[in-house]
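Read off the chains here:
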Amino acid sequence: MIETSGEEYSAQNAPPLTPEIAFAESVRNAIANLQSSDLSLRYYAAWWLGKFRVSQPEAIDALITALEDEADRTELGGYPLRRNAARALGKLGNLKAVPGLIKCLECADFYVREAAAQSLAMLRAQTALPALIKLLDGGVDQAVQVPGLPHLTQPYTAVLEALGAMGATEAISLVQPFLNHPVPRLQCSAARAMYQLTQDSAYGELLVKTLVTGDLKMRRVVLGDLGAIGYLPAAAAIASAQVENSFKLIALKGLLEYQLPEQSDTFGISEQAIQVMNLMDSLL
């Protein structure tokens, strides 16, 4: 047997570990870890693949398989791996995940249903609308807190926001009653969706009102809502809100993104867009 000299294995002669090679190796490891017997590795791998937008077919397939995982369960019956897989698939933009995510809307785990609704909204999966609308069965009367748990019977906030983002005008009559739900966060989600579905400024102004009257946590949430719907009349209120500048800048960026696509074929920038950019500059 001929031994290989140590020189051949020296760092000097080894192929350089470029960032691209290192990342590719990490991708392979993450995909492999989704089948690991170590549940913590599987949980982290699902998060990592979503975080770094790994859209390779092997990653998509492994995450879809993880949506039906039975091994990783909490004492209360939750499915942590399914949650992370559902969240990741929304970020990866592959419609192959839609059937599995729709099935997740029937999962006993509230947080799996919530993650699935959010991801279906990100994917703009129109085929999911009937299943999402079904989660509103019973309306406001059924939207109550589950005894002993910190959440309602369904992930109503995620569902309402998904219906709004996906333009589900057929659900307007089901969404509107949630404007009067006793939970302020749910009222805001309903107002956000109603604005997207009707373009009626009255619903945008409901959010602006909450931006002024709500507590700090609610003001942060409403800034996200206003940025998500691109409600331009709220620009000044956003800039003057009693919230950290970082939240205000994110919301204003959302408004600006709604303005700029309309001007992609022109050389000028609208006065409204300039005003938003000036407000952003004033916060830096």
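Residues numbered from 1 in each chain as written. Predicted model: local features only at pLDDT ≥ 70, side-chain atom pairs only at ≥ 80, totals over all residues. Heavy atoms only, no water.

*Asks:* Can you lay out the overall build of the chain for me, pointing to particular residues and giving the numbers?
*Replies:* What the chain contains, in helices and strands, is 16 helices and zero strands. Reported as C-alpha extents along the three principal axes, the dimensions of the chain are approximately 85 × 50 × 35 Å. When the 284 residues of the chain are sorted by exposure, 45% land in the buried category. Of all intrachain contacts in the chain linking residues separated by at least 6 positions in sequence, the fraction that spans at least 24 positions is 60%. Surface exposure of the chain reaches about 15,400 Å², of which carbon and sulfur atoms provide 56%. (Helix = DSSP H or I, 4+ residues; strand = E, 2+ residues; numbered from the N terminus. Buried < 20%, exposed > 50% of the residue type's maximum accessible area, 1.4 Å probe, protein only. Contact = heavy atoms within 4.5 Å. Areas by Shrake-Rupley, 256 points an atom, 1.4 Å probe, with all protein chains shown as cover.)

*Asks:* Outline the pattern of salt bridges, listing residues and values.
*Replies:* Applying the stated criterion to the full structure yields 13 salt bridges. Ionic pairing is found between arginine 28 and glutamate 25, a salt bridge with its closest N-O pair at 2.5 Å. Remark: glutamate 25 and arginine 28 occur in helix α1 (residues 19-33); sequence separation between them is three residues, near one turn of the helix. What you see here is one network of salt bridges that share partners, running through Glu161, Arg185, Arg192 and Asp225. (Salt bridge = Lys/Arg side-chain N within 4 Å of Asp/Glu carboxyl O.)

*Asks:* For a nonpolar patch on the surface, give the residues involved together with the corresponding values.
*Replies:* A cluster of nonpolar side chains, contributed by Phe23, Tyr44, Trp47 and Phe52, occupies part of the molecular surface with about 410 Å² of accessible area. Relative to the helices and strands, tryptophan 47 is located in helix α2 (residues 39-51). Residue classification places tryptophan 47 among the partly exposed positions, given a relative accessible area of 38%. (Patch = residues over 30% accessible without salt bridge, like charges linked within 9 Å, V, L, I, M, F, W, Y side chains within 5 Å.)

*Asks:* Provide a residue-level description of the packing of α2 against helix α4 (residues 80-92), including the pertinent values.
*Replies:* Packing of α2 against α4 brings their axes to within 8 Å, and their N-to-C directions diverge by 15°. What the angle tells us is that α2 and α4 run roughly parallel. In this structure, α2 meets α4 at a crossing whose hand is left-handed. In this structure, α2 uses Arg42, Tyr43, Ala46, Trp47, Leu49 and Gly50 to contact α4, whose residues at the interface are Pro80, Leu81, Asn84, Ala85, Ala88, Lys91 and Leu92. Tallied by class, residues from the contact of α2 with α4 come to nine nonpolar, two polar and two charged. (Axes fitted to C-alpha atoms, helices over the stretch in contact; angles between N-to-C directions. Parallel < 35°, antiparallel > 145°, perpendicular 65-115°, else oblique. Left-handed = near helix turned anticlockwise from the far one by under 90°. Nonpolar A, V, L, I, M, F, W, Y, C, P; charged D, E, K, R; others polar.)

*Asks:* Help me get a handle on the packing of helix α12 (residues 201-213) against helix α13 (residues 216-229), residues and values and all.
*Replies:* If you want to describe how two helices pack, look at the angle between their axes and the distance between the axes. Packing of α12 against α13 brings their axes to within 9 Å, and their N-to-C directions diverge by 150°. Between α12 and α13, the crossing angle belongs to the class labelled roughly antiparallel. In this structure, α12 meets α13 at a crossing whose hand is left-handed. Contacts from Gly204, Leu207, Val208, Thr210 and Leu211 in α12 reach Met218, Arg219, Val222, Leu223, Asp225, Leu226 and Ile229 in α13.

*Asks:* Kindly report on the packing of aromatic side chains, identifying the contributing residues and their values.
*Replies:* The relation between two aromatic rings is expressed through the spacing of the ring centres and the mutual angle of the planes. Enumeration over the complete set of coordinates arrives at seven aromatic pairs. When the centroid spacing of 5.4 Å and the interplanar angle of 35° are considered together, the rings of tyrosine 44 and tryptophan 47 count as tilted. One end of the pair, tyrosine 44, and the other, tryptophan 47, are both in helix α2, three residues apart, so they sit about a helical turn from each other. Clustering of aromatic rings is evident, with ring pairs tying together Phe23, Trp48 and Phe52. The ring of tyrosine 79 carries the charged tip of arginine 82 above its face, separated from the ring centre by 3.7 Å. (Phe/Tyr/Trp six-rings, centres within 6.5 Å; stacked < 30°, edge-to-face > 60°. Lys NZ or Arg CZ within 6 Å of the ring centre and 35° of its normal.)

*Asks:* Please set out a positive patch on the surface residue by residue, giving values where relevant.
*Replies:* Residues Lys51, Arg53, Arg87 and Lys91 make up a contiguous surface patch of positive charge. The topology assignment puts arginine 87 in helix α4. On the basis of relative accessibility, which here comes to 32%, the residue arginine 87 falls in the partly exposed class. (Lys, Arg positive; Asp, Glu negative; His and termini not counted. Charge placed at Lys NZ, Arg CZ, Asp CG, Glu CD.)

*Asks:* Can you tell me about the state of the cysteines, naming the residues and giving the values?
*Replies:* Disulfides are covalent bonds that link the sulfur atoms of two cysteine residues. Counted according to the given criterion, the structure contains zero disulfides. This cysteine, cysteine 107, is not joined by any disulfide, and cysteine 104 carries the nearest cysteine sulfur, 6.3 Å off. (Disulfide = S-S within 2.5 Å.)

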